[in-house]
Amino acid sequence: MTDLAVRELPLFPLPDVVLFPQEVLPLHIFEPRYRMMLRTAMSEDRRFGVVRWDPQSKKMAEVGCCAEILHCQVQDDDRSNIVTMGQQRFRVLDIVRDTPFRVGMVSWIEDTVSESHEELETLTSDVTRALRDVVDLTGKLIGKPSSLPADLPDLPRELSFWIGAHLGGPVADHQQALLEITDTGERLRQEFELLDQTRRQLAARTVLKDTFSSLGDGSSET
């Protein structure tokens, strides 16, 4: 199927859920309107838009991510368990209709790169190093060694999306903002700042833990 610059897309607002490209999102579809949405998507191109819904402000984000249905299992009561994968990001230009399910007119979003290739490589290396430090320090604090997956993306854009989708803590609070950034380098810079801040905090907590452990072991003089 050829993507047009602007198209209609069924929308699935989800409370506090931000889908990133290339990320898997399993969903349980049970509301009648979204059962209809699913049937429509399955009969067409197997795609719909996942958009973050803010329960506090009662507003839907303007930027979301297209979800492609990889697997659909319909139950006897017409509920469905589906597995989707994030594809292209989009911006909601207008709401075409609200019933029986929401449909928006959307335009696709692509990243731009303002840095040179060398600058982007350096930034990617810095972010990856900070990410590894955060994972290592977290493992030390909880007493359970942890590591990054072997298939961690090494391309700048893909890495920035992976971090936005997988890292909890302060990054999780910025997921929607990270999704909306359209410059790869800028997304990586913001993630580095978040990771570096987290790294410093974890390092300080690790020092405190080691200090109290030493005191508890009676290794210091009284």
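Residues numbered from 1 in each chain as written. Predicted model: local features only at pLDDT ≥ 70, side-chain atom pairs only at ≥ 80, totals over all residues. Heavy atoms only, no water.

In the annotation of an unreviewed UniProt entry, the protein chain is listed under the name ATP-dependent protease and assigned to Aphanothece cf. minutissima CCALA 015.

Student: Just to check I follow, could you spell out the overall build of the protein chain for this structure?
Tutor: Broken down by element type, the protein chain carries five helices and seven strands. Element order for the protein chain, N to C, with α for helix and β for strand: β-β-α-β-β-β-β-β-α-α-α-α. Projected onto its principal axes, the C-alpha coordinates of the protein chain cover approximately 75 × 50 × 35 Å. Long-range pairs, those at least 24 residues apart, make up 66% of the contacts in the protein chain between residues at least 6 apart in sequence. As displayed, the protein chain has an accessible area near 12500 Å², and 52% of this comes from carbon and sulfur atoms. (Helix = DSSP H or I, 4+ residues; strand = E, 2+ residues; numbered from the N terminus. Contact = heavy atoms within 4.5 Å. Areas by Shrake-Rupley, 256 points an atom, 1.4 Å probe, with all protein chains shown as cover.)

Student: Before we go on, may I ask you to explain helix H2 (residues 117-142) in this structure?
Tutor: Residues spaced three or four apart along an α-helix point in a common direction, a consequence of the helix completing one turn every 3.6 residues. Taking 1.5 Å as the rise per residue, H2 with 26 residues should run 38 Å; its terminal C-alpha atoms sit 38 Å apart, in good agreement. Along H2, the residues classified as buried are Leu 120, Leu 123, Thr 124, Val 127, Thr 128, Ala 130, Leu 131, Val 134, Val 135, Leu 137, Gly 139 and Leu 141. Positive backbone phi, at 70°, marks Gly 143, one or two positions downstream of H2. (Expected span 1.5 Å × (residues − 1). Buried < 20%, exposed > 50% of the residue type's maximum accessible area, 1.4 Å probe, protein only.)

Student: Sorry, what's going on with the pattern of salt bridges here?
Tutor: Side chains that differ in charge, positive against negative, can pair when their charged atoms come close. Counting across every chain of the model gives 19 salt bridges. We note a salt bridge from Asp 77 to Arg 79, for which the minimum N-O separation is 3.6 Å. Owing to a relative accessible area of 40%, Asp 77 belongs among the partly exposed residues under this scheme. Glu 110 serves as the salt-bridge partner of Arg 157, at 3.8 Å between the closest nitrogen and oxygen. Here the residue Arg 157 occupies a position in helix H3 (residues 156-166), and Glu 110 occupies one in the loop between strand E7 (103-109) and H2, the gap between them amounting to 47 residues. One network of salt bridges, with partners in common, ties together Asp 133, Asp 196, Arg 199 and Arg 200. (Salt bridge = Lys/Arg side-chain N within 4 Å of Asp/Glu carboxyl O.)

Student: Looking at this structure, how should I read unusual backbone geometry?
Tutor: Backbone geometry follows two general trends: most residues other than glycine have a negative phi, and most peptide bonds adopt the trans configuration. Cis geometry marks the peptide bond from Thr 99 to Pro 100; its omega dihedral reads -5°. Looking at the element boundaries, Pro 100 is found in the loop between strand E6 (80-97) and E7.

Student: Which parts of the structure should I look at to understand the environment of Leu 152?
Tutor: Examined against the element boundaries, Leu 152 turns out to sit in the loop between H2 and H3. With a relative accessible area of 13%, Leu 152 lands in the buried category. Residues Leu 152 and Asn 81, 71 residues apart in the sequence, show an inter-C-alpha distance of 27 Å. Beyond its immediate chain neighbours, meaning those up to four positions away, Leu 152 contacts Thr 128, Leu 131, Arg 132, Leu 159 and Trp 162.

Student: Help me understand the domain arrangement of the protein chain in this model?
Tutor: By a widespread convention, an interface's size corresponds to the accessible area lost as its parts come together. Assigned domains within the protein chain: domain 1 (4-106) and domain 2 (115-215). Placing a centre on the C-alpha atoms of domain 1 and another on those of domain 2 gives a separation of 29 Å. Of the residues lining the interface, ten residues belong to domain 1; the matching set on domain 2 comes to 13 residues. Across the domain 1/domain 2 interface, buried area totals approximately 1000 Å², and carbon plus sulfur atoms make up 65% of it. On inspection of domain 1 and its partner domain 2, the count reaches zero salt bridges. Seen at the junction of domain 1 and domain 2, the total is four residue pairs in polar contact (both at pLDDT 80 or more). (Domains from an automatic or database assignment. Buried area = accessible area lost by both parts, 1.4 Å probe. Polar contact = N/O pair within 3.5 Å; in protein donor to acceptor, adjacent residues only side chain to side chain.)

Student: So what exactly am I meant to see when it comes to the side chain of Glu 191 here?
Tutor: Tracing the chain through its elements places Glu 191 in helix H5 (residues 184-216). Within the buried core, Glu 191 has no salt-bridge partner, and the shortest N-O distance to an opposite charge, that of Arg 187, equals 5.4 Å. In this structure Glu 191 touches Ser 160, Ile 163, Gly 164 and Leu 178, once residues within four positions along its chain are discounted. (Lys, Arg positive; Asp, Glu negative; His and termini not counted.)

Student: Mind showing me how you'd approach the state of the cysteines here?
Tutor: Each disulfide consists of a covalent bond between the sulfur atoms of two cysteine residues. On inspection of all chains with the given rule, the structure shows zero disulfides. For the unlinked cysteine Cys 65, the closest cysteine sulfur is that of Cys 66, found at 6.9 Å. (Disulfide = S-S within 2.5 Å.)

Student: I would appreciate a short explanation of the packing of aromatic side chains in the present structure.
Tutor: For any pair of aromatic rings, the description consists of the separation of the ring centres together with the inter-plane angle of the planes. Enumeration over the complete set of coordinates arrives at four aromatic pairs. Summarising the aromatic geometry, the rings of Phe 90 and Trp 108 are spaced 6.4 Å apart at their centres and angled 80° between planes, so their arrangement reads as edge-to-face. You can see Phe 90 sitting in strand E6 and its partner Trp 108 sitting in strand E7, a full 18 residues away along the chain. Here the aromatic residues Phe 12, Tyr 34 and Phe 48 are joined through ring pairs into a cluster of three or more. (Phe/Tyr/Trp six-rings, centres within 6.5 Å; stacked < 30°, edge-to-face > 60°.)

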